[in-house]
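Below are the chains, spelled out letter by letter.
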Amino acid sequence: MAKFLLIVFVVLCFLSSFITVNTQRTRRSSNGRTRKQLRFDKKKGEFKVLQVADMHYADGRKTPCEDVLPNQLFHCSDLNTSVFINRMIKAEKPDLIVFTGDNIYGFDATDAASSMNAAFAPAISSNIPWAAVLGNHDQESTLSRAGVMKHIVTMKNTLSQFNPEGIQVIDGFGNYNLEVHGAEGTSSMNKSILNLYFLDSGDYSTVSSIPGYGWIKPSQQVWFQETSRKLQKTSKAPGLAYFHIPLPEYARFDKSNFTGVRQEGISSASVNSGFFTTLVETGDVKGVFTGHDHLNDFCGKLSGIHLCYGGGFGYHAYGKAGWSRRARVVVVSLGKDETVKSIRTWKRLDDEKLTAIDEQVLWRRSSSGSRRKKPPVVNRG
């Protein structure tokens, strides 16, 4: 009998270990589907994110391009946006594709679900994990804002989530976080060493006395703060944040303190919700990435955080004839200690060579061995 009980105990221990390991490798989404665990590439020691901002996809071949050169107009449609995504995926081979809103242009999309299926098709066919947030135009077709996000979370290979699990009250649709673990077989394979935050920045103000665009509400900020603090207890990992509408602080930059171009005004909300202060106080987010203003593609540093635009991507979106559509790439690199060493970014243009421009370092970890400097000796005579 004792021998039998010992065998049962060993089997139960094995099964428990097996279940634990496998739940660490995959997570089950709110719709019951298994989601792939994001990981750093073991050979390169990197994690690469491709940001696609403002596709403005509508009805495919039927949808004409906006603001292109006369010789481009006749053959140009939504399909050019799809070709650009495919080119970027092939050139950069990202580990994650992030769509930062206005994924479809609702006013011109005959059927929202069909437009989304076509817009995200290149990401789906690549078998690369992808995530999306909403802009201010996604809900203007045949689906509500909630309906759009509900459709997105059912799509293949997406890591998008409708809203945080277990949170009963939160504004918007598409507030969630993703953890990027260390490479398989390393000591950090079961912990997050990079945290990604996705938020719904809204569409338009619902307060009659406040005109203009939406903003990130207090309920979302509380969720972000609590999530960040929880993650920071287990790992002091840096974070990146993605949403659509830029913060008012983007207007603090001029040509002297950013990399890239600013060719239009900053179309943020007309009120400041204080989310930038929340980001600074929480301390883990090193870069914020938005879209919305198609002719701006700059990155500038403010209070230790880089505020970046993706740059206009879609062809059925306003742009500037002769100014190439573009995409932003972010590469997070590890040090020998399997923690994040640096965060770099650049953009690629949709020209003949997919020209890479404006490479810059957004964040670099200070030397772990650096010692606190002694105050200088003052000769008081």
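Report on the accompanying structure. The structure presented is a predicted model; accordingly, all values stated were derived computationally and were not measured. (Residues numbered from 1 in each chain as written. Predicted model: local features only at pLDDT ≥ 70, side-chain atom pairs only at ≥ 80, totals over all residues. Heavy atoms only, no water.)

Observations regarding the nonpolar core
With 59 residues, the main nonpolar core has Phe99, Phe120, Trp130 and Leu196 as its most contacted residues. No other element matches the six residues that strand E14 (residues 326–334) contributes to this core. Core analysis: the second largest hydrophobic core is formed by 24 residues, Trp223, Ala241, Ile266 and Val288 among them. (Core = buried A, V, L, I, M, F, W, Y, C linked by side-chain atoms within 4.5 Å. Buried < 20%, exposed > 50% of the residue type's maximum accessible area, 1.4 Å probe, protein only. Helix = DSSP H or I, 4+ residues; strand = E, 2+ residues; numbered from the N terminus.)

Describing the side chain of histidine 294
Within the secondary structure layout, histidine 294 lies in the loop between strand E11 (285–290) and strand E12 (299–302). Here tyrosine 318 takes part through its backbone oxygen, which lies 2.9 Å from a polar atom of the side chain of histidine 294. Residues in contact with histidine 294, not counting those within four places in the same chain, are Asp54, His56, Glu264, Gly311, Gly312, Ala317, Tyr318 and Trp323. (Polar contact = N/O pair within 3.5 Å; in protein donor to acceptor, adjacent residues only side chain to side chain. Contact = heavy atoms within 4.5 Å.)

Thoughts on the packing of helix H4 (residues 112–119) against helix H6 (residues 145–152)
Look at H4 against H6: their axes get within 11 Å of each other, and the N-to-C directions meet at 40 degrees. Put simply, H4 runs oblique to H6. Helix-helix and strand crossings are classified by hand; for H4 and H6 the assignment is right-handed. Where H4 approaches H6, its residues Ala113, Met116 and Asn117 are matched on the opposing element by Val148, His151 and Ile152. Classifying every residue of the contact of H4 with H6 by side-chain character gives four nonpolar, two polar and no charged. (Axes fitted to C-alpha atoms, helices over the stretch in contact; angles between N-to-C directions. Parallel < 35°, antiparallel > 145°, perpendicular 65-115°, else oblique. Left-handed = near helix turned anticlockwise from the far one by under 90°. Nonpolar A, V, L, I, M, F, W, Y, C, P; charged D, E, K, R; others polar.)

A look at empty space enclosed by the protein
Rolled over the atoms, a probe with the dimensions of a water molecule shows which regions are left empty. Applying the stated criterion across every chain yields a total of two cavities of 30 Å³ or more. Each pocket or cavity is described by its volume, and for the largest cavity that value is around 80 Å³. A class-by-class count of the residues in the lining of the largest cavity yields nine nonpolar, five polar and no charged. What the second largest cavity holds in volume is close to 40 Å³. Looking at the second largest cavity, the residues that line it are His294, Leu295, Gly312, Gly314, Tyr318, Gly319, Lys320, Trp323 and Arg325. Counted by class, the lining of the second largest cavity contains three nonpolar, four polar and two charged residues. (1 Å grid on protein atoms, 1.4 Å probe; cavity = no way out; pocket = protein on both sides within 12 Å on 5 of 7 lines; lining within 4 Å. Points joined across faces, edges and corners; volume = space filled by probe spheres on them.)

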